[in-house]
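These are the residues of each chain, in order.
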Amino acid sequence: FTMKKHIISTNKAPAAVGTYSQAVALTGGTTVYLSGQIPLVAETMEMVSDDFEAQAVQVFENIKAVCDAAGGTTNDLVKVNIFLIDLGHFATVNEIMSRYFTKPYPARAAVQVSALPKGAQIEIDGVMELPE
């Protein structure tokens, strides 16, 4: 018995630039695993801005685009991991996140890391459970 991977891809989020997919589900399953998104603009593959708030909004827009491509919404995310180079931005992340989610909120971790790809200040990944 082998599970087949269903690859989720959208041009509304930055293209995968390495050995990963934007998101993966098992064929016939309802769980979707989203790769980390950084604040790249899909059309240009360039960082949206050096401004933290603009980067956070772009990351949530990228996550939203992948959720849409998978057939769900950000509210279908059950677990979200947020990686920040400065936990001092935590309140800003909470405010921006509230624009993309309604209660009940997903489980979440937020951790400070020393560096992120391409000099990003924030990266988010998650796990989504699609409605039956």
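First things first, this report covers the structure right here in the doc.

The rules behind the values
- All residue numbers refer to position in the chain's written sequence, counted from 1.
- Per-residue local features are limited, in this predicted model, to residues with pLDDT of at least 70; the limit for side-chain atom pairs, both in listing and counting, is 80 or more; totals at the level of whole chains, interfaces and linings are taken over all residues.
- Derived side-chain values reflect all non-hydrogen atoms in the structure, with water molecules and hydrogen atoms excluded from consideration.
- Counting from the N terminus, the helices are DSSP H or I runs at least four residues long and the strands are E runs at least two residues long.
- Throughout, radius of gyration means the C-alpha value; the globule benchmark is 2.2 Å times the number of residues raised to the power 0.38.
- Two residues qualify as a contact provided that any one of their heavy atoms is within 4.5 Å of a heavy atom in the partner residue.
- Areas reported as accessible are Shrake-Rupley estimates using a 1.4 Å probe. Residue values count occlusion only from the protein chains shown.
- Positive residues here are Lys and Arg, negative ones are Asp and Glu, while His and the chain termini are left out of the count.
- The atom standing in for a charge is NZ when the residue is Lys, CZ when it is Arg, CG when it is Asp and CD when it is Glu.
- Working definition: with a 1.4 Å probe on protein chains only, accessible area under 20% of the residue-type maximum means buried, over 50% means exposed, and in between means partly exposed.
- This arc describes the spread of directions from the helix axis toward the C-beta atoms.
- The working definition used for a salt bridge is a side-chain nitrogen of Lys or Arg within 4 Å of a carboxyl oxygen of Asp or Glu.
- At least two bridges found by DSSP between two strands is the condition for calling them paired.

**Some details on the overall build of the protein chain**
Line of reasoning, step 1. A tally of regular secondary structure across the protein chain gives 2 helices and 8 strands.
Line of reasoning, step 2. When the helices and strands of the protein chain are read in sequence order from the N terminus, they spell out β-β-β-β-β-α-β-α-β-β.
Line of reasoning, step 3. Taking 132 residues into account, the globule formula puts the C-alpha radius of gyration at 14 Å, and the protein chain, at 14 Å, falls close to it.
Line of reasoning, step 4. Counting only C-alpha atoms, the protein chain reaches 45 × 35 × 25 Å along its principal axes.
Line of reasoning, step 5. A separation of at least 24 residues holds for 70% of the contacts in the protein chain among residues at least 6 apart in sequence.
Line of reasoning, step 6. Of the roughly 7200 Å² of accessible surface on the protein chain, 53% is carried by carbon and sulfur atoms.
Line of reasoning, step 7. Treating the 9 positive side-chain charges of the protein chain as one cloud and the 14 negative ones as another, the clouds have centres 6 Å apart.

**Some details on helix α2 (residues 90–97)**
It helps to recall that an α-helix has 3.6 residues per turn; residues three or four apart then point in one direction.
Line of reasoning, step 1. Restricting attention to buried positions, one finds in α2 the residues Val-93, Ile-96 and Met-97. The buried residues of α2 occupy an angular sector of 100° when projected down its axis, which confines them to one face.
Line of reasoning, step 2. Along its buried surface, α2 packs onto α1 (52–69), β6 (77–84), β7 (107–112) and β8 (122–129).

**So, the pattern of salt bridges**
Line of reasoning, step 1. All chains considered together, the criterion is met by 3 salt bridges.
Line of reasoning, step 2. Between Glu-53 and Arg-99 there is a salt bridge, with its nearest N and O atoms 3.4 Å apart. A residue pair is termed long-range when its members are at least 10 positions apart, and Glu-53 in helix α1 and Arg-99 in the loop between α2 and β7 qualify at 46 residues.
Line of reasoning, step 3. Three or more residues are tied together by salt bridges with common partners; here these are Glu-53, Glu-95 and Arg-99.

**Concerning the pairing of strand β3 (residues 31–37)**
Line of reasoning, step 1. Inspection of the sheet shows strand β2 (residues 23–26) paired to β3 by 3 bridges, in the antiparallel sense. In the sheet register, Ala-23 faces β3, and the bridge partner there is Leu-34.
Line of reasoning, step 2. Where β3 lies against β8, 5 bridges are found, and the strand directions are antiparallel. The residue of β8 that forms the bridge with Thr-31 is Glu-129.

**Looking at the environment of Tyr-33**
Line of reasoning, step 1. The topology assignment puts Tyr-33 in strand β3.
Line of reasoning, step 2. Remark: the alpha-carbon pair of Tyr-33 and Gly-126, spanning 93 residues in sequence, is separated by 6.3 Å.
Line of reasoning, step 3. Non-local contacts of Tyr-33, meaning those with residues more than four positions away in its chain, are made with Gln-22, Ala-23, Val-24, Gly-126 and Val-127.

**Concerning the pairing of β2**
Line of reasoning, step 1. The two faces of β2 differ: Ala-23 and Ala-25 on one face are buried, but Val-24 and Leu-26 on the other face are not.
Line of reasoning, step 2. Remark: 4 residues form the turn of the hairpin made by β2 and β3, two consecutive strands paired antiparallel; Gly-28 in that turn has positive phi of roughly 85°.

**Some thoughts on the environment of Phe-90**
Line of reasoning, step 1. With respect to the helices and strands, the residue Phe-90 is situated in helix α2.
Line of reasoning, step 2. Along the primary structure Phe-90 and Gln-121 are separated by 31 residues, whereas in three dimensions their C-alpha atoms are 12 Å apart.
Line of reasoning, step 3. Once residues lying within four places of it in the same chain are set aside, the contact partners of Phe-90 are Arg-108 and Ala-110.

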